[in-house]
Structure formats: structure tokens, C-alpha cells
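Here is what each chain is made of, one letter per residue.
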Amino acid sequence: MSLDTLVMPDAEVAGLGTTAERRAVIAQAGAVPSREWVIVARGLTRLYDMGGETVRALRGVDLAIRRNEYVAIMGPSGSGKSTLMNLIGCLDTPSQGEYWLNGHQVSKMTDNELARIRNREIGFVFQTFNLLPRATALHNVELPLVYAGVSASERRTRAREALERVQLGERMLHRPNELSGGQRQRVAIARALVNRPSILLADEPTGNLDSGTSEEIMRVFGELAEQGQTVIMVTHEAEIAAHARRVIVLRDGLVASDDRYADGDPSRRDGRGDPRPAAG
Ligand SMILES: Nc1ncnc2c1ncn2[C@@H]1O[C@H](COP(=O)(O)OP(=O)(O)OP(=O)(O)O)[C@@H](O)[C@H]1O
Ligand SMILES: [Mg+2]
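Residues numbered from 1 in each chain as written. Chains lettered and ligands numbered in written order. Predicted model: local features only at pLDDT ≥ 70, side-chain atom pairs only at ≥ 80, totals over all residues.

A. Inspection of the overall build of the protein at higher detail. Looking only at helices and strands, the protein features nine helices and ten strands. Here the protein, with 280 residues, has 42% of them falling under the buried criterion. The contacts in the protein between residues at least 6 apart in sequence include a share of 68% that link residues at least 24 apart. (Helix = DSSP H or I, 4+ residues; strand = E, 2+ residues; numbered from the N terminus. Buried ≥ 20, exposed ≤ 12 C-beta atoms within 10 Å, placed from the backbone. Contact = placed C-beta atoms within 7 Å.)

Here is the structure:
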């Protein structure tokens, strides 16, 4: 499948809004975005100083993402995907530009405020799962709630619910080395969901999985998106990106393309054949 063959129509697609609406919210510098916009970035720049030489990792990214969108971010190595994910995930702040997450201006936050908003609003899924090896699935999923100061009984209940959401109700007492790769990644997804975050962020979530297991994980993401979870994932693979309803391609620290697709198109959902661009 080639992403180059797609067109981006300026038409409402499955409630995702039009290009004109996104341009309008981006254009209003300094304005608090209305509630439907979970992410608004205006001219996001990230420079790294490498011993006198400046690396321009992001060079003015404009982005507006609505609640409930399912977005894939693609682009060549070094194009700025992880840098952008770190900003979106409140792990880092921009050198210039505005970043609004759920109505809060992150670009002006202190480190403490960043940590607080990150714990509340963001669930992370990593390529390498990042589970505690000696802890059970249940305990791994409970951990973010320990940091959030939730009581033990409530932690247990919520961790169970999160594991059931990813169909791991039968494996709660297994440790990571007693689980398959796909099951480990599902534990990591449950852990990311347990705080009920506004956004699920995943950087190459299938990078360590074989293609069958990758499809299994994409089914989980698809179900979560259908239940209304906002999902943003970075991937190198077009087959994985084809599961999302919007594909943003970065090149040299800028958005090179931004394509949306009609919901529920079976030719895309199965990963078979060329994706059909949204009508418009
Ligand atoms: N901490 C850092 N210090 C200096 N330069 C950095 C740092 N992190 C990233 N860069 C540079 O910024 C640019 C963007 O890097 P980034 O990691 O965002 O790319 P990427 O799109 O995620 O690539 P990949 O697909 O290889 O993961 C690269 O040129 C990289 O060398
Ligand atoms: Mg990266």
C-alpha cells in the first residue's frame, strides 16, 4: 500500500472535522481551544543544542486532534516522530510554540505540573513493553495507581477491569516471562489505560512483535478507539498505520501530509488491498 496515492478532501469525515476547522483552531494563536480539541499544537519547535551545533528536530509543527480520533504518525528515521511524541506526552516542553492538551497550556508548565498532567492525561505504550519482570500482570497494571495514591482495594478493582478490557482476565497472576509477547504488550496497554487517560500514546507498539501478534495488538487498539479512546501511535509500517483513521507523515521536523479515512472501511480494516481515501 502506498500512502502517496491518497488524497485529503476538505470534508467532514466520521466526525473528525474538516481541514478548514483544524486550520481555524490552529490559526487562533494564544486562544484556549474548545473542549472537542484534545490536542492543539501551534508552531511547535524543538531544538537540541549539540555542543554549539543546533539540531532542529521539530521546525514548526501545527496539529489539531479531536477527542476520539485514532491517529498514526509516520515518517523516516530522524523526522521528529519521537520528539513530537515526547512533547505530546508531556515528557518534554517545546523550544517555541504552543501546546494545548485538553484545554491546558502545557508549553508553559513547570516540571511538577508536567508530571501531574502526564499522570492524569496520558497513557504510554512502548515498543519494549517496560514491565516489571518480577511483578504479576495485575501488580504491573496497579502501579500507576500506587503513584496516584489510589486505595489498595480500588487499585485491585480497576487493574482487574483494565486487564479484562484487553482480554487478559485469565492471566492476571502471570509474570511477564510467563506470557507471550502479545500478552505482555496487552498488559502494557492495560497499565496505560488504568488511569483513564485522555490519550493513549504508543511509540512503535508492534516493533518487537511478529506480524500475527501485531494484528492482535492492532485489534485491541481498534476496539479501544471504537469505545471512544483517543489513540496516537508512531509506526514505521504502512500495514499498521492503515488501522488508524488518520495518518500524519512527518518529514524533516514538519508535517508533510495529513490524511483521513472514512470509518469502518473493511478494505482498510483487514489490512488487505489499498486503502480507500475518504469521500469528499
Ligand atoms: N536528545 C537529543 N539530543 C540531540 N538531538 C536529538 C535528541 N533527540 C533527537 N535528536 C535529533 O532530532 C532529530 C529527530 O529525532 P527523533 O528521535 O524525533 O526521530 P524519529 O522520527 O523518532 O526517528 P526514528 O524513526 O529513528 O525513531 C534527529 O535528527 C535526532 O538526531
Ligand atoms: Mg523514534
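From this point on, the discussion continues.
B. Examining the packing of helix α6 (residues 181-193) against helix α7 (residues 211-226) more closely. Put simply, α6 and α7 touch, their axes get as near as 9 Å, and they point 25° apart. Relative to α7, the element α6 is oriented roughly parallel. The interaxial crossing formed by α6 with α7 has right-handed handedness. Packed against α6, whose contacting residues are Gly181, Gly182, Gln185, Arg186 and Ile189, the element α7 presents Thr213, Glu216, Ile217 and Val220 at the interface. Counted by class, the contact of α6 with α7 contains three nonpolar, four polar and two charged residues. (Axes fitted to C-alpha atoms, helices over the stretch in contact; angles between N-to-C directions. Parallel < 35°, antiparallel > 145°, perpendicular 65-115°, else oblique. Left-handed = near helix turned anticlockwise from the far one by under 90°. Nonpolar A, V, L, I, M, F, W, Y, C, P; charged D, E, K, R; others polar.)

C. Quick peek at the environment of Pro76. Positionally, Pro76 belongs in the loop between β3 (70-74) and α2 (81-88). On the basis of neighbour count, Pro76 is assigned to the partly exposed category, with 13 C-beta atoms found within 10 Å. It is 8.5 Å that separates the C-alpha atoms of Pro76 and Asp252, two residues lying 176 residues apart in sequence.

D. How the structure looks around the sheet that holds strand β5 (residues 104-105). Read from one edge of the open sheet, four strands run β2-β1-β4-β5, paired in antiparallel fashion. Since the sheet does not close on itself, it has two edges, and those belong to β2 (53-66) and β5, each with one partner. (Pairing = 2+ DSSP bridges.)

E. View of the site of ligand 1. The local shell around ligand 1 consists of Tyr48, Met50, Val55, Ala57, Gly75, Ser77, Gly78, Ser79, Gly80, Lys81, Ser82 and Thr83. Looking at the shell around ligand 1, the elements that each hand over two or more residues are β1 (37-50), β2 and α2. Of the residues contributing to the shell around ligand 1, the split by class is four nonpolar, seven polar and one charged. (Near = placed C-beta within 6 Å.)

F. Broad picture of the nonpolar core. If you look at the biggest cluster of nonpolar residues, it comprises 69 residues, and the most contacted ones within it are Ile39, Val71, Ile73, Val141, Leu163, Ala190 and Leu201. Contacts of Val141, omitting those with residues within four sequence positions, involve Ala159, Ala162, Leu163, Val187, Ala190, Arg191 and Val194. (Core = buried A, V, L, I, M, F, W, Y, C linked by C-beta atoms within 7 Å.)

G. Looking closely at the confidence of the model for the protein. Here the protein averages 88 in pLDDT, while 87% of its residues score no lower than 70. For the protein, per-element mean pLDDT is lowest for helix α9 (residues 266-269), which scores 46, and highest for strand β8 (residues 230-234), which scores 97. For residues 269-276, every residue scores under 50 in pLDDT, and the model assigns this stretch 15 contacts once sequence neighbours within four places are set aside. (pLDDT = per-residue confidence, 0-100.)

H. Structural view of α2. The buried fraction of α2 is high, at six of eight residues. Listing the buried residues of α2 in full gives Lys81, Thr83, Leu84, Met85, Leu87 and Ile88. Positive backbone phi, at 60°, marks Cys90, one or two positions downstream of α2.

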